[in-house]
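Breakdown of the fold
This is what each chain is made of:
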2 protein chains.
Amino acid sequence: MNLVNGIESDVISLHDRGWNYGDGAFRTLLLRNGRPHCWPRHYTKLRDDCVRLGIACPPSELFEQDFNFIAERHPDRTIRVVVTRGDMARGYAASLDIQPTRVVVAGAVPAYPAEYHDHGVRAHLCRTTFAIQPLLAGIKHLNRLENVLARSEWSDPGIAEGIVCDTEGNVVSGTMSNLFAAFGAELLTPDVSRSGVAGVQRARVLEFSKSRGIMAKTGVFGIVQLLTADEIFVVNSLIGAWQITSFEGKSWRSGELTPEFRRWLDGDD
Amino acid sequence: MNLVNGIESDVISLHDRGWNYGDGAFRTLLLRNGRPHCWPRHYTKLRDDCVRLGIACPPSELFEQDFNFIAERHPDRTIRVVVTRGDMARGYAASLDIQPTRVVVAGAVPAYPAEYHDHGVRAHLCRTTFAIQPLLAGIKHLNRLENVLARSEWSDPGIAEGIVCDTEGNVVSGTMSNLFAAFGAELLTPDVSRSGVAGVQRARVLEFSKSRGIMAKTGVFGIVQLLTADEIFVVNSLIGAWQITSFEGKSWRSGELTPEFRRWLDGDD
């Protein structure tokens, strides 16, 4: 069940600027027992991303109406929330009176293997690199070809995620997740002011660390340094947290940080 | 009149990967008197772009059927041809049996002011820069947020195009066009192996130059050098060639190169 501007629809106009240029932003989140998990955080992030793109983000209440409509029939769903700049005339210039398009796509909750949580996952080092573009970095926009190319590098179902560096060799993130690496008492996540996405779960990990007295901060590091980490995990709104236990020929035992963060991310705020 | 996989439609599936990720490539060209201008070149470029993205480009004949269908009713149109990777399940990974989606959107031919050809145009220097991404450079893909941001920098209708540099300060192109600059007997166009699009009209200018004994080549140069050019012009499949006669406080008289190239670009090959 999908909604376009609040009306049930499985299609979007060919004039939509999201389709033509990737001119929009999106969120992926869980509808759990009829409630959109961490919605206030997701909405704030969506609105901030829209501001950076110069798009007028619809008010939160409209999305909440959409969620309620969906939840009546399907209380547990993966939800993709998209805001595009709206319909175009022709060309890159947007008219001044353009109205944004609001889309909510609901799908089945992905069933990841239980062992991903219990024993961690294998990760692949992507040859694809993310470009350095401060104007777009951090934003979850619809220009995701780099992620598509990175994800296309492996088809082995035993590999759960790929790790991507920027064009200068700094680790950025997974193809669909943010990354954390523990070095001694310090937890590092790549700076995403030049590449990558500043995800909602990444922000929650940073906040939780603070409240628990774990020294977590953003940093710049390459693959060689990453391989010296005591524990590595990736997060997003669907997977929670997965420890990476096998990567680039190196293995890690199950750590204590990842399950702790996973439990917390599973919570209500 | 628009066609999706050969069937009249003004909408696309919400599961289309073009809409979700900008996962596709496109061309813009003119249908003139029922014939798609420079179609063999456009098709070759579209197919090459699809190869680089790992998308199976539909055969040329299918597009030609679409053009014929449209031309019966509308012989003069702007045509946007799009190939996306197809419909998605969920996530960045594409299934192995995915079928590409072929779209042809036909619209009115834009009516640019005659003075653009007669007296040249004013151009704006964009603050937006293009990221350096060799994996995507040259491809006319659907990830065009940088172009959208660059084009949003001005609303003055007296400005016809914006000039964009890469994040290292090298001139790349216009927001919707490729750029050429004459320095003495030499005609330079920015190298697009790290940013920008290798357009069909750019390739034609380079070829035409060869056949006319004009020394044209790709190069790397910044705005300071560009401002010392004897003549600057931009090209694409809709505008033909426009001379830039006003840019960054400098003016140029009408040159002889631009009209010559414009006439040639207007020709049949």
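Now for a description of the structure that goes with this document. (Residues numbered from 1 in each chain as written. Chains lettered and ligands numbered in written order. Predicted model: local features only at pLDDT ≥ 70, side-chain atom pairs only at ≥ 80, totals over all residues. Heavy atoms only, no water.)

Quick word on the overall build of chain A
Selection rule: Note on conventions: DSSP H or I runs of at least 4 residues are helices, E runs of at least 2 residues are strands, and numbering of each starts at the N terminus. With C-alpha atoms as the basis for the radius of gyration, the globule rule is written as 2.2 Å multiplied by the number of residues raised to the power 0.38. The buried label goes to any residue with under 20% of its type's maximum accessible area, the exposed label to any with over 50%, and the partly exposed label to all in between, with areas taken from a 1.4 Å probe on protein chains only. In this analysis, two residues are considered to be in contact whenever any of their non-hydrogen atoms come within 4.5 Å of each other.
A tally of regular secondary structure across chain A gives eight helices and 16 strands. For chain A, whose C-alpha radius of gyration is 19 Å, the value lies close to the compact-globule estimate of 18 Å for 269 residues. When the backbone C-alpha atoms are referred to their principal axes, chain A occupies close to 55 × 40 × 35 Å. Taken across its 269 residues, chain A has 59% of its residues classed as buried. The contacts of chain A with a sequence gap of at least 6 include a subset with a gap of at least 24, amounting to 72%.

Topic: the nonpolar core
Basically, it comes down to this: In plain words, nonpolar cores are sets of buried Ala, Val, Leu, Ile, Met, Phe, Trp, Tyr and Cys residues tied together by side-chain atoms within 4.5 Å.
By size, the foremost hydrophobic cluster in this structure holds 26 residues, and its most contacted members are Val103 of chain A together with Val103 of chain B. Mapped onto this core, the elements with two or more residues apiece are helix 1 (17-21) and strand 7 (101-107) of chain A together with helix 1 (17-21) and strand 7 (101-107) of chain B. Beyond its immediate chain neighbours, meaning those up to four positions away, Val103 of chain A contacts Leu3, Val4, Ile12, Arg80, Val81 and Val82 of chain A together with Leu14 and Trp19 of chain B.

Some details on the side chain of Thr175 of chain B
Here Thr175 of chain B is to be found in the loop between strand 10 (171-174) and strand 11 (178-183). When its relative accessible area of 2% is taken as the criterion, Thr175 of chain B is described as buried. Apart from residues no more than four positions distant in its own chain, Thr175 of chain B is found in contact with Tyr92 of chain A together with Cys126, Asn147, Ala150, Arg151, Trp154, Glu161, Gly162 and Val164 of chain B.

Topic: the packing of helix 2 (residues 39-53) of chain B against helix 3 (residues 60-73) of chain B
Residues and elements named next belong to chain B. The following threshold applies: Lines fitted to the C-alpha atoms define the axes, with helices restricted to the stretch that makes contact. Angles between their N-to-C directions range from 0 to 180 degrees. Should an angle lie under 35 degrees it is considered roughly parallel, over 145 roughly antiparallel, and from 65 to 115 roughly perpendicular; all remaining angles are considered oblique. For any helix crossing, the convention is left-handed if the near helix is rotated counterclockwise from the far helix by under a right angle, and right-handed if that rotation is clockwise.
Packing of helix 2 against helix 3 brings their axes to within 11 Å, and their N-to-C directions diverge by 130°. Classified by the angle their axes make, helix 2 and helix 3 are oblique. Here helix 2 runs over helix 3; the crossing is right-handed. From helix 2, Trp39, Tyr43 and Leu46 reach across to helix 3, where they touch Ser60, Phe63, Glu64 and Phe67.

Observations regarding the interface of chain A and chain B
How big an interface is tends to be stated in terms of accessible area lost as the parts join. Counted only if it meets this: Here the quantity called buried area is the accessible surface, traced with a 1.4 Å probe, that two parts lose on coming together, added over both. By convention in these notes, a salt bridge is any Lys or Arg side-chain nitrogen within 4 Å of a carboxyl oxygen on Asp or Glu.
Contact with chain A, which involves 53 residues of that partner, is made by 53 residues of chain B. Taking both partners together, chain A and chain B bury about 4300 Å²; carbon and sulfur atoms supply 66% of that area. Of all residues in chain A, Trp19, Tyr92 and Leu145 of chain A bury the most surface against chain B, accounting for 20% of the area lost on that side. At the boundary of chain A and chain B, one finds zero salt bridges.

Looking at the relation of the copies chain A and chain B
To go from the first copy of the chain to the second, apply a rotation about an axis and then a shift along the same axis. What counts here: A least-squares superposition brings the copies together, and it is based on the C-alpha atoms of residues with pLDDT no lower than 70 in both.
Aligned on chain B, chain A shows an RMSD of 0.0 Å; the corresponding rotation is 180° and the shift along the axis is 0.0 Å. Within this description, the copies of the chain are treated as partners about a two-fold rotation axis. Residue Trp19 of chain A of chain A places its C-alpha closer to the rotation axis than any other residue of that unit, at 2.0 Å. Both copies share a contact surface, since 100% of the interface residues of chain A are interface residues in chain B too.

Structural notes on the pairing of strand 4 (residues 24-32) of chain A
Strand residues, when the strand is regular, have side chains that alternate between the two faces of the sheet. Residue and element names in this part refer to chain A. Note the threshold: Strand pairing is defined by DSSP finding a minimum of two bridges between the two strands.
Burial runs high along strand 4: eight of the nine residues are buried. Pairing between strand 4 and strand 5 (residues 35-36): two bridges, direction antiparallel. Bridging across to strand 5, Arg32 finds its partner in Arg35. The antiparallel hairpin formed by strand 4 and strand 5 contains two residues in its connecting segment, where Asn33 sits at a positive phi of about 55°.

As for the side chain of Thr258 of chain B
Structurally, the position occupied by Thr258 of chain B is in helix 8 (residues 257-265). The residues contacting Thr258 of chain B, other than those within four sequence positions of it, are Glu231, Ile232, Phe233, Ala241, Trp242 and Gln243 of chain B.

A closer look at the packing of helix 2 of chain B against helix 6 (residues 200-211) of chain B
Residue and element names in this part refer to chain B. What counts, and what does not: Under the convention adopted here, Pro, Cys and the residues Ala, Val, Leu, Ile, Met, Phe, Trp and Tyr are nonpolar, Asp, Glu, Lys and Arg are charged, and Gly plus all remaining residues are polar.
Running from N to C, helix 2 and helix 6 point in directions that differ by 120°, and their axes come no closer than 10 Å. Crossing geometry of helix 2 relative to helix 6 is assigned as right-handed. On helix 6, the residues touching Arg41, His42 and Lys45 of helix 2 are Val200, Gln201, Arg204 and Glu207. When its residues are assigned to classes, the contact of helix 2 with helix 6 shows one nonpolar, two polar and four charged.

Remarks on the sheet that holds strand 5 of chain A
All names here are of chain A. Read from one edge to the other, the open sheet built from six strands follows the order 2-1-7-6-4-5, with strand pairing classed as antiparallel. The sheet is open, and its two borders are formed by strand 2 (7-8) and strand 5, each paired with just one other strand. Where strand 6 (residues 77-84) and strand 7 come together, seven bridges link them in antiparallel fashion. If you follow Val81 over to strand 7, its bridge partner there is Val104. Contacts from helix 2 (residues 39-53) reach strand 4, strand 5 and strand 6 within the one sheet, and its direction differs from that of strand 4 by about 175°.

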